[in-house]
Amino acid sequence: MNTSTTNAPPAPESNILLNVNGIEVIYNHVVLVLKGVSLQVPEGRIVAILGGNGAGKTTTLRAISNLLKGERGEVTKGMIEYRGERVEALSPSDLVRRGVVQVMEGRHCFAHLTIEENLLAGAYTRSDKGEIAANLDKVYTYFPRLKTRRTSQAAYTSGGEQQMCAIGRALMSNPNMVLLDEPSMGLAPQIVEEVFEIVKDLNAKEKVSFLLAEQNTMVALRYADFGYIVENGRIVMEGAAQELASNEDVKEFYLGLSGEGRKSFREVKHYRRRKRWLS
Amino acid sequence: MGFFLETLFGGLMAGMLYSLVALGFVLIYKASGVFNFAQGAMVLFAALAMARFAEWFPKWFGFESLLLANLLAFIAAMAMMVVLAWAIERLCLSKLVNQEGITLLMATLGIAYFLDGFGQTLFGSDIYSINVGMPKDPAFILEGMFEGGVMVSKEDLVAAVIAALLVIVLALFFQKTKTGRALRAVADDHQAAQSIGIPLNTIWVIVWSVAGFAALIAGIIWGSKLGVQFTLSLVALKALPVVILGGLTSVPGAIIGGLIIGVGEKLSEIYIGPMLGGGIEIWFAYVLALGFLLVRPQGLFGEKIIDRV
Ligand SMILES: Nc1ncnc2c1ncn2[C@@H]1O[C@H](COP(=O)(O)OP(=O)(O)O)[C@@H](O)[C@H]1O
Ligand SMILES: [Mg+2]
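Described in the following lines is the structure provided in the data block. Only a predicted model underlies this, so the values are computations on that prediction, with no experimental measurement involved.

**Looking at the packing of aromatic side chains**
Alright, step 1. This structure, assessed with the given rule, holds 18 aromatic pairs over all chains.
Alright, step 2. Residues Phe-53 of chain B and Trp-56 of chain B carry aromatic rings whose centres are separated by 6.1 Å and whose planes lie at 75 degrees to one another, so their mutual orientation is edge-to-face. One end of the pair is Phe-53 of chain B and the other is Trp-56 of chain B, both in helix α2 (residues 39–61) and three residues apart, which spans about a single turn.
Alright, step 3. Cluster of aromatic residues (ring-pair linked, three or more members): Phe-45, Phe-53, Trp-56, Phe-57, Trp-60, Phe-61, Phe-114, Phe-118 and Phe-123 of chain B.
Alright, step 4. Across the ring face of Phe-110 of chain A, the terminal group of Arg-169 of chain A is positioned such that the distance to the ring centre comes to 4.5 Å.
Alright, step 5. Positioned above the aromatic ring of Tyr-124 of chain A is the side chain of Lys-178 of chain B, whose terminal nitrogen or guanidinium carbon lies 5.2 Å from the ring centre.

The structure is reproduced here in structure tokens:
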């Protein structure tokens, strides 16, 4: 959580926290998965990467947090800047120290550690005991559920609690920017809302910026400021969240809102596109 | 009855040492998923370093004190184990990360052979002794209960206390320290650990160093009892059945598995041995482990796979 007090009004251009420019990612030296992805996260914003399964959302986040190596992936083109500094060569640990932390898809809590131990493990890169304790308290105020389960082994908590644990654990590193991968996956709708409300809250009060990967377009666009739609390793559309949410194509392909009646022209016009989007 | 107890104690002491070696195994397996065949070789290497440094230092630096010699030798041997851990991580693990388990297993076999050879080149290949002042005379306990009491070796008793202390220290380290927590985190999910900024390389060096420390303690106790020689690395192979029995991922399993095998060996040798013509001690552990593989492959305490996470 960013405790700095800079509350300056957003100045265009100068407050870009994360700048991803035309990156290509290859797995196993052969599989080209990202084919030139560019995106930006302004300081203090929630930005969503949207797209279907296999579109390349997770790969994009991994490229930023540098967790690609463990997956035998590699950024072969383009560049990634965090606060104006090139970060492709930094280790995940270095990035966490600089304030960028990823919450992995599927939560990945430490199964045999208690919730509290999970959270404390998240403070590995820090050393000031007092600050860590204060941070822990703060996480408990944002996630009161975690406090009630603090002594339970993570494996025996619910999916929602585990998602909160994973986010809380990341917050323990005192990040400026959280890369949040599919937080809604496998959660009941009202738990999804609960998690997103907390994310919004953290963003507003603690000034944590979020880059969010989601298949759940509808929910993500309600909470995000800006969105990118990825398909097949490319950004195919971008815009302010409200614009995207009201865009006809997005409505039709991602929000499932297309009316039954409008078949003829629109169907034909978008047929090619749709096929690609859903492939 | 007195005789039975004597055998039992003897078995427990031997078992303690198996536990120590098995402990190193389990730590490394948990943290890096590597089945470390080199654990036995590490015991021999550490014991060799300890024995030879304790012999050399007084000559090199011209002092007499045995205590000082042992102390310095211990520090030097431990430093070597740390350097070894670092080198293994650098030259081997970090290159092989994400390879198949079998590749890593072969790599540790390579490390084992290298260590055997390198240790002998560095320190010589004779039989050396470690003298850390272990009491060599027997003691008699429970004299009130049995005529003549039960005879136990004082050396074994001291060894058991040291082993127990080591286990307690390790348990505290894992439960109470930040690094210990990080080690457990890595053991649970190394990707997630990496994602929150725990550097795997550092953790591996620490784990191999801790395993090296356990190897050093085992090497000293064993070496002081039997002399430091090549067979040490073979005796350490007993750790294999121990971890199969106790469960590859369980620290308490390693300890209890070691005790069971130590005691089982001695008792079966005495009570079943005469029927089969003796020699049971040599294969007992392996047969027991084999039986376990058939009935309960995850071992006595192998961690339940928790699939809710
Ligand atoms: N470790 C990997 N090795 C090889 N290919 C991978 C790996 N991870 C993902 N991919 C491939 O990369 C593509 C994008 O995957 P991913 O980034 O996980 O998509 P998303 O998160 O949008 O579902 C998919 O086709 C997937 O099969
Ligand atoms: Mg994904």
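**Quick look at the sheet that holds strand β9 (residues 226–231) of chain A**
All names here are of chain A.
Alright, step 1. Spatially, six strands are ordered β6-β7-β8-β3-β9-β10 in an open sheet, and the strand pairing comes out mixed. Two strands in the sheet have a free side with no partner beyond their single neighbour: β6 (100–103) and β10 (234–240). Adjacent strand axes in the sheet meet at a mean angle of 15 degrees, parallel and antiparallel pairs treated alike.
Alright, step 2. Helix-sheet contacts for helix α7 (residues 189–206) involve β3 (46–50), β7 (177–181) and β8 (209–214), and the interaxial angle to β8 is about 155 degrees.

**Here we look at the coordination of the magnesium ion (ligand 2)**
All names here are of chain A.
Alright, step 1. For the magnesium ion (ligand 2), the full set of protein donor atoms is Thr-58 (OG1) and Glu-105 (OE), at a range of 1.9 to 2.2 Å. Placement of Thr-58 in helix α1 (residues 57–65) and of Glu-105 in the loop between β6 and α3 (115–121) is noted, with a sequence separation of 47 residues between them.
Alright, step 2. By relative accessible area, which is 28% here, Glu-105 ends up partly exposed.

**Examining the site of ligand 1**
Residues and elements named next belong to chain A.
Alright, step 1. Taken together, 13 residues lie around ligand 1, and Gly-54, Gly-56, Lys-57, Thr-58 and Thr-59 are the ones closest in.
Alright, step 2. Ala-55 places a polar main-chain atom, nitrogen or oxygen, 3.2 Å from an oxygen atom of ligand 1.
Alright, step 3. At a separation of 2.5 Å, an oxygen atom of ligand 1 approaches a polar side-chain atom of Thr-59.
Alright, step 4. In isolation ligand 1 offers 560 Å² of accessible surface; the protein chains occlude 69% of this area.
Alright, step 5. Across the shell around ligand 1, the residue classes break down as three nonpolar, seven polar and three charged.

**Some points on unusual backbone geometry**
Generally, phi is negative for residues other than glycine and the peptide bonds are trans, each holding for most cases.
Residues and elements named next belong to chain A.
Alright, step 1. Residues other than glycine seldom take positive phi values, yet Asn-28 does so here, at roughly 55 degrees.
Alright, step 2. Tracing the sequence through the fold places Asn-28 in the loop between β1 (16–27) and β2 (31–42).
Alright, step 3. When its relative accessible area of 39% is taken as the criterion, Asn-28 is described as partly exposed.
Alright, step 4. Phi is positive for Arg-72, which is not a glycine, with a value near 60 degrees.
Alright, step 5. Within the secondary structure, Arg-72 is located in the loop between α1 and β4 (73–82).
Alright, step 6. Owing to a relative accessible area of 46%, Arg-72 belongs among the partly exposed residues under this scheme.

**Notes on the interface of chain A and chain B**
Alright, step 1. Residue-level contacts link 34 residues of chain A with 24 residues of chain B.
Alright, step 2. Contact between chain A and chain B buries roughly 2700 Å² in total, counting both sides, with carbon and sulfur atoms accounting for 56%.
Alright, step 3. Scanning the region where chain A abuts chain B turns up one salt bridge.
Alright, step 4. For Glu-117 of chain A, the salt bridge identified is with Arg-184 of chain B, shortest N-O distance 2.9 Å.
Alright, step 5. Elements represented by at least two residues in the side of chain A that touches chain B include exactly α2 (92–98), β6, α3 and α6 (159–171) of chain A.
Alright, step 6. Residues belonging to the side of chain A that touches chain B are distributed by class as follows: 16 nonpolar, 12 polar and six charged.

Definitions and limits used
Residues numbered from 1 in each chain as written. Chains lettered and ligands numbered in written order. Predicted model: local features only at pLDDT ≥ 70, side-chain atom pairs only at ≥ 80, totals over all residues. Heavy atoms only, no water. Phe/Tyr/Trp six-rings, centres within 6.5 Å; stacked < 30°, edge-to-face > 60°. Helix = DSSP H or I, 4+ residues; strand = E, 2+ residues; numbered from the N terminus. Lys NZ or Arg CZ within 6 Å of the ring centre and 35° of its normal. Pairing = 2+ DSSP bridges. Axes fitted to C-alpha atoms, helices over the stretch in contact; angles between N-to-C directions. Contact = heavy atoms within 4.5 Å. Donors = N, O, S within 2.8 Å, 3.2 Å for Na, K, Ca; no water. Buried < 20%, exposed > 50% of the residue type's maximum accessible area, 1.4 Å probe, protein only. Near = heavy atom within 4 Å. Polar contact = N/O pair within 3.5 Å; in protein donor to acceptor, adjacent residues only side chain to side chain. Areas by Shrake-Rupley, 256 points an atom, 1.4 Å probe, with all protein chains shown as cover. Nonpolar A, V, L, I, M, F, W, Y, C, P; charged D, E, K, R; others polar. Buried area = accessible area lost by both parts, 1.4 Å probe. Salt bridge = Lys/Arg side-chain N within 4 Å of Asp/Glu carboxyl O.

These figures capture arrangement, not role.
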